[in-house]
Amino acid sequence: MTSANIDIARTYFQAVQTGDMATLGELLDEGIVWHQPGANQFSGEHKGQGAVFQMLGGMMEASQGSFAIDTIHTLMANGDLVTATIRFSGRRDNASMSMNGVDLLRIADGRITEMWLFSEDPATEDAFWG
């Protein structure tokens with residue numbers, strides 16, 4: 001199961017990087033719970049696929065379409081959990097951010113049911129998102 005979950009996570013990150021919303025819709029469970037870090041307009045717990053897509057759309061709008069996962073460094077699994085070390089960035093007007101992060105995915109029955117995100121520099125990320 002561990003290698004299958006890593007494959008699901010890899011497919012998820014590829015879909016995020018290419019903007020493949022159809023694949024994201026197939027991979028994110030309808031009842032997903034997404035834990036967005038920080039103290040900004042996107043922070044907190046987002047429940048359900050619709051709420052997650054709304055948050056991600058808001059991030060793309062706020063970043064003028066530039067928010068991206070630039071690099072997936074390492075994927076590691078332990079049972080139904082997969083962690084990914086990543087680098088992400090965004091730009092808007094005169095503001096920018098670029099930092100490392102860790103995403104932790106819970107996978108059940110081939111779908112991502114829960115997601116926790118961690119940022120290297122929460123204060124910079126909060127300032128960027130407002």
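Residues numbered from 1 in each chain as written. Predicted model: local features only at pLDDT ≥ 70, side-chain atom pairs only at ≥ 80, totals over all residues. Heavy atoms only, no water.

Asker: What exactly am I supposed to notice about the side chain of N40 here?
Answerer: Turning to its location among the elements, N40 is positioned in the loop between β1 (28-36) and β2 (44-47). Among the polar contacts made by the side chain of N40, one reaches the main-chain amide nitrogen of F42 at a distance of 2.8 Å. If sequence neighbours within four positions are ignored, N40 has contacts with E125, D126, W129 and G130. (Helix = DSSP H or I, 4+ residues; strand = E, 2+ residues; numbered from the N terminus. Polar contact = N/O pair within 3.5 Å; in protein donor to acceptor, adjacent residues only side chain to side chain. Contact = heavy atoms within 4.5 Å.)

Asker: Explain the pattern of salt bridges here, please?
Answerer: As a working rule, side chains carrying opposite charge can pair if their charged atoms are close by. The tally for this structure, following the rule as stated, stands at 4 salt bridges. A salt bridge links R10 to D7, with the shortest nitrogen-to-oxygen separation between them at 3.3 Å. Taken as a pair, R10 and D7 lie in helix α1 (residues 2-18) at a separation of 3 residues, close to a single helical turn. The class for D7 is partly exposed, based on a relative accessible area of 44%. Of the charged contacts in the structure, one is a salt bridge between R106 and E114, with a shortest N-O distance of 3.7 Å. (Salt bridge = Lys/Arg side-chain N within 4 Å of Asp/Glu carboxyl O. Buried < 20%, exposed > 50% of the residue type's maximum accessible area, 1.4 Å probe, protein only.)

Asker: Would you mind showing me how to read unusual backbone geometry here?
Answerer: One can expect most non-glycine residues to show negative phi and most peptide bonds to be in trans. Backbone geometry places D93, a non-glycine residue, at a positive phi of 40°. With a phi angle near 55°, D109 is a residue other than glycine that sits in the positive phi range. Among the structural elements, D109 can be located in the loop between β5 (95-108) and β6 (111-119). Under the relative-accessibility criterion, D109 is labelled exposed at 78%.

Asker: What is the right way to read the environment of N40 from this model?
Answerer: Among the residues examined, N40 registers a relative accessible area of 11% and is labelled buried. Here the alpha-carbon distance between N40 and A127, two residues 87 residues apart in the chain, equals 7.7 Å.

Asker: Help me understand helix α3 (residues 49-62) in this model?
Answerer: Note that an α-helix has 3.6 residues per turn; residues three or four places apart therefore point the same way. Between its first and last C-alpha, α3 extends 20 Å over 14 residues, near the 20 Å set by a 1.5 Å rise per residue. Turning to α3, its buried residues number three or more, namely Q49, V52, M55, G58 and M59. Looking at the packing, one finds that the buried side of α3 touches α2 (21-27), β1, β2, β6 and α4 (122-129). Immediately beyond the C-terminal end of α3, within one or two residues, lies Q64, with a positive phi of roughly 55°. (Expected span 1.5 Å × (residues − 1).)

Asker: Looking at this structure, how should I read the environment of Q49?
Answerer: Assignment of secondary structure puts Q49 in helix α3. Spatially, the C-alpha atom of Q49 lies 10 Å from that of L27, the residues being 22 residues apart in sequence.

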